[in-house]
Amino acid sequence: MAQRLRVRYAKRGRLRFTSHRDISRAVERAVRRADIPVAYSAGFSPHPKISYAGAAPTGVASEAEYLEIGVTRPCDPHRLRADLDASLPPGLDVLDVVEARDSGLADRLEGSMWELLLPGVDPEVAAKAVEEFVAADRVEVERLTKKGLRRFDAREAVLSLTVQDGPERAAGQEPDRLCVILRMVVRHATPAVRPDDVLTGLRLVAGLAPLSPPEVTRLAQGPLDATTGEPADPFDFDRVGGDR
Amino acid sequence: MSVESLFPRLEPLLPKVQKPIQYVGGELNSTVKDWDEASVRWALMYPDAYEIGLPNQGVQILYEILNELPDTMAERTYAVWPDLEALMRSEGVPQFTVDAHRPVRAFDVLGVSFSTELGYTNLLTALDLAGIPLDAVDRTDEDPIVLAGGHAAFNPEPIADFLDAAVLGDGEQIAIAISEVIREWKEEGSPGGRDEVLMRLASTGGVYVPKFYDVEYHPDGRIMRVVPNRPGVPSRIFKHTVMDLDEWPYPKKPLVPLAETVHERFSVEIFRGCTRGCRFCQAGMITRPVRERSITTIGDMVENGIRESGFNEVGLLSLSSADHSEIGDVAKGLADRYEGTNTSLSLPSTRVDAFNIDLANEFSRNGRRSGLTFAPEGGSERMRKVINKMVTEEDLIRTVTTAYSQGWRQVKLYFMCGLPTEEDVDVLGIADLAKKVIQAGRDATGSKDVRCTVSIGGFVPKPHTPFQWAAQCDHETVDRRLRELRDALRGDKEYGRAIGYRYHDGKPSIVEGLLSRGDRRVGRVLRAVWEDGGRFDGWSEHFSYERWMRAAEKALAGEPVDVEWYTTREREEHEVLPWDHLDAGLDREWLWQDWQDANSDVEVEDCRWTPCYDCGVCPTMGTEIQIGPTGKKLLPLTVV
Ligand code: B12
Ligand code: SF4
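All values derive from a computational prediction rather than experimental measurement.

Section: unusual backbone geometry
A:T190 connects to A:P191 through a cis peptide bond whose omega is -5°. Among the structural elements, A:P191 can be located in the loop between β9 (179-187) and α5 (195-206). With an omega of -5°, the peptide bond between B:Y250 and B:P251 qualifies as cis. Mapping B:P251 onto the fold places it in the loop between β8 (237-238) and β9 (266-269).

Next up, the structure:
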């Protein structure tokens, strides 16, 4: 393997309904179509060397998904960005590509910023629910995971949670129906606290219940900046050169 | 009249259903055309789940060809799963296309592709969700023309009431012709409404419009005759045959889904038709004659398809792929070309001979030699003569010996149960055969690490085959024979553990039999099943035999016919069969003679090699066998 390239991509609009497996199939095919010299694992059924870091769940849109591609000869990141983007279906959009300087991408993804669009929710009710959630020490929620029903705290990992200004209208809703936008920064932990866990928490502490399924988008993912309290760009390290 | 996207109304429902990605469209190489710029608009449907329907080549080809016409557009729609169906009903969202999420009812044509009869109930769901009246006679000028195609359309009588039209055979040219007729009629201001355009289509003799024909019955329930009920309608309807497949190298832009589907590969049809003459095989009979694609076109299509799709697997598709006159060169040429590119090749072939193994070896050059499939179909030598599958036990043992000794560890054998004249011993013979296969493998490899799987399902007599007159075996007998076979395999100390056994039980075959050889009266049964919740009959978790039998009893009450009459009853030579007015080119007397020959174990040759026009297809349809060899080879691709 000559080089590893890190890719930031978005999952937008109707393509938010892709699952992680759907995306990996789409990326593998796009890599082949774009003639990217991807490296393969050895053995009877060789796999292309493409790895994914912390993928957003099915149904959740994202502006900040990350993957890494191993290639057999050096590639220009700008060219690869354009080629891969052109080969992926619209809605899976390549935003940024850098050459990897180390192997620590996954570790650098410490937290995410999420935006949640809640249709049919009164802004005042939302503000009050957020206030109660933030004031609580612990908010126990349950979620069905692959290992069965798990119970865990959804409060501690939430570093900030706010109601955005200005009423917006959700796509596909009747024009006169209001919706509320929440924004939050969540630290990646085990078990992972996902946006729907926070929503469950809001329902438990304050009875907040959107009329139809919320539209959730990951806005950013990266190392948590101590001063802003928000995720920074995880590629900063690769770009400035780090300590080679 | 412009049509708005239903997506904003569908979107809030998607987070609540399984695998929402199958409903959003946006596949690579899919096409969305401007509604107002097209004068003829087709919605094409594969009446099963997206994961089954998307890979279907028939729909992909028609979609591409129609969209290439400047004034025609085509979108696709599939059966929605019951979870989304319920939400669509409660929220009032109609059946939609996945391309631009337009309402199906707004299109001019709803073209439905039936590879099998098991999609019929899903047609009714789609019509109902679309807001299209189920009965063709209730439709108005606001409704699309509901048009069926695909193999099952060779007997569309059970769905005749729900169809405006049906087409037999290859769809490429007739779809374009139909589009043209509709365009002209619309340009003239749609004179005479839908009956006029249906009349224009019917009068060509290439489009069947069921409501222009009346079926008259004898008091005992048999059909007396099927006659046109208005002037200008021909008494017979002919199938369509595309000659020169090299002129039609589709799909050029294969659809690449985001959702996972049953076939994640690029498929190229290497020929159409099959003349081996297996008597049970409807596909072989109705797609005659054999028409090959040349080795060079196959090579070009593979190259283009991989580039356009990014698939890492290529399938060479046909009814009997190893029979292509230059398959050896095709296999070697492709294997050479793609060596070291992580592109795998597959050739679905079940021929019982050493050549087939050579091909499989070529295609598994860099991979594991896991499993090979052979289809003797009949358990005993006598049975195989009856069905005209000319494979002797010696052939089979010789072939599997070669396979095992060349490193293949697993052999799969396909059989049918309930074939005409079959007796218990014919099915139990499969156990002996399987044991001999294992023994041959052990002898060849000196190891006990060889396996064989027996796969067996119930035989269903099909229209336009020599077995169209045969009595279908009842499900009790089929199930009993399958059980006895299982016991004979499992109970064997020496070989039992080396032999796997998979079977389909007999009840679904009875329903398939009812639909295959049914007439218009069966449409009532179909509707009753659907009203009772029948959906997705090809899926065992949705299929209910009891529901079908309940519905049949109700719907056929007062008629001299019942399920047994349609299935387990043998027909006599001159009985009018429901599909007799639909012409696949096969000479009825030849089929009858072949049925007689079957009963006396007489075999028939493959007409590809020995000039023979006995089946009648070529003279009737004005077609010819088209085969190589061309003598050409595939050249290596230049590396850029
Ligand atoms: C790939 C394949 C599958 C795949 C993918 C299914 C799919 N969606 O294609 C899988 C494995 C899932 C499958 C499953 C089954 N299959 Co299958 N399958 C095939 C295969 C190998 C290729 C299909 C194909 O793409 N053909 C090529 C295209 C171009 O042909 P076509 O679809 O017939 O379309 C042309 C015309 O018919 C016509 N046309 C078709 N639709 C329409 C519609 C309109 C409006 C018009 C005008 C024209 C038109 O125009 C097209 C272009 O000329 C065929 C064998 C073969 N070589 O055809 C069997 C075949 C179609 N399958 C068959 C069967 C029996 C089944 C199953 C019932 C098996 C089972 N017991 O489970 C299931 C049912 C699946 C379902 N629920 O629909 C049989 C049908 C038997 C028959 N009566 O002829 C075939 C013929 C195999 C055989 N040798 O018997 N199958
Ligand atoms: S080989 Fe026999 S079973 Fe196969 S397609 Fe040809 S006729 Fe049908």
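Quick look at the pairing of β9(A)
Note on strand geometry: in a regular strand, side chains alternate between the two faces of the sheet. All names here are of chain A. β9 sits mainly inside the fold: seven of its nine residues count as buried. The pairing of strand β5 (residues 111-119) with β9 spans nine bridges and is classified as antiparallel. Its bridge partner being in β9, L117 is matched across the sheet by I181. Bridging between strand β8 (residues 158-163) and β9 involves five bridges; their strand directions are antiparallel. Residue pairing across strands places S160 opposite V185, the latter belonging to β9.

Overview of the side chain of B:R481
All names here are of chain B. Locating R481 in the fold gives a position in helix α15 (residues 475-490). The class of R481 is buried, set by a relative accessible area of 9%. When residues no more than four places from it in sequence are discounted, the contact partners of R481 are C417, E422, E423, D424, V427 and C473.

Here's the deal with the side chain of B:Q472
Residue and element names in this part refer to chain B. Note that Q472 resides in the loop between β16 (451-458) and α15. Exposure remark for Q472: the relative accessible area of 3% places this residue in the buried category. Engagement of the side chain of Q472 in a polar contact is seen with the backbone oxygen of S509, the distance being 2.9 Å. With residues near it in sequence (within four places) discarded, Q472 still touches F459, V460, P461, S509, I510, G513, R517, T567 and T568.

What to know about the interface of chain B and chain A
Where interface size is quoted, it is often the accessible area lost as the parts come together. Listed as interface residues are 33 residues of chain B and, on the opposing side, 21 residues of chain A. Surface buried jointly by chain B and chain A totals about 2300 Å² across both partners, of which 56% is contributed by carbon and sulfur atoms. On the chain B side of the contact with chain A, B:E11, B:L258 and B:N342 bury the most area, a combined 24% of that side's loss. Inspection of the chain B/chain A interface yields five salt bridges. Its salt-bridge partner being A:R29, residue B:E264 comes within 2.2 Å of it at the nearest N-O pair. Counting every contact that joins chain B to chain A gives twelve residue pairs in polar contact (both at pLDDT 80 or more). Contributions of two or more residues to the side of chain B that touches chain A are made by α1 (7-10) and α9 (295-309) of chain B. No other element matches the four residues that α9(B) contributes to the side of chain B that touches chain A. Partitioned by chemical class, the residues of the side of chain B that touches chain A number 15 nonpolar, ten polar and eight charged.

Some points on the sheet that holds β16(B)
Residues and elements named next belong to chain B. On the basis of which strands lie adjacent, the open sheet formed by four strands has the order β14-β15-β16-β17 and parallel pairing. Since the sheet does not close on itself, it has two edges, and those belong to β14 (371-377) and β17 (499-503), each with one partner. The sheet shows a mean angle of 20° between the axes of neighbouring strands, direction not considered.

A few points about the domain arrangement of chain A
All names here are of chain A. When cut into domains, chain A gives domain 1 (3-107) and domain 2 (111-222). For domain 1 and domain 2, the distance between their C-alpha centroids amounts to 28 Å. Interface area, domain 1 with domain 2, both sides summed: about 790 Å², of which 50% is carbon and sulfur. Taken together, the links from domain 1 to domain 2 amount to one salt bridge. Residues R218 and E65 are paired through a salt bridge, measuring 3.1 Å at the closest nitrogen-oxygen approach. Here the side of domain 1 that touches domain 2 gets six residues from one element, more than from any other, and that element is strand β3 (residues 61-71). Residue composition of the side of domain 1 that touches domain 2, grouped by class: seven nonpolar, two polar and four charged.

Thresholds, definitions, all that
Residues numbered from 1 in each chain as written. Chains lettered and ligands numbered in written order. Predicted model: local features only at pLDDT ≥ 70, side-chain atom pairs only at ≥ 80, totals over all residues. Heavy atoms only, no water. Helix = DSSP H or I, 4+ residues; strand = E, 2+ residues; numbered from the N terminus. Buried < 20%, exposed > 50% of the residue type's maximum accessible area, 1.4 Å probe, protein only. Pairing = 2+ DSSP bridges. Contact = heavy atoms within 4.5 Å. Polar contact = N/O pair within 3.5 Å; in protein donor to acceptor, adjacent residues only side chain to side chain. Buried area = accessible area lost by both parts, 1.4 Å probe. Salt bridge = Lys/Arg side-chain N within 4 Å of Asp/Glu carboxyl O. Nonpolar A, V, L, I, M, F, W, Y, C, P; charged D, E, K, R; others polar. Axes fitted to C-alpha atoms, helices over the stretch in contact; angles between N-to-C directions. Domains from an automatic or database assignment.

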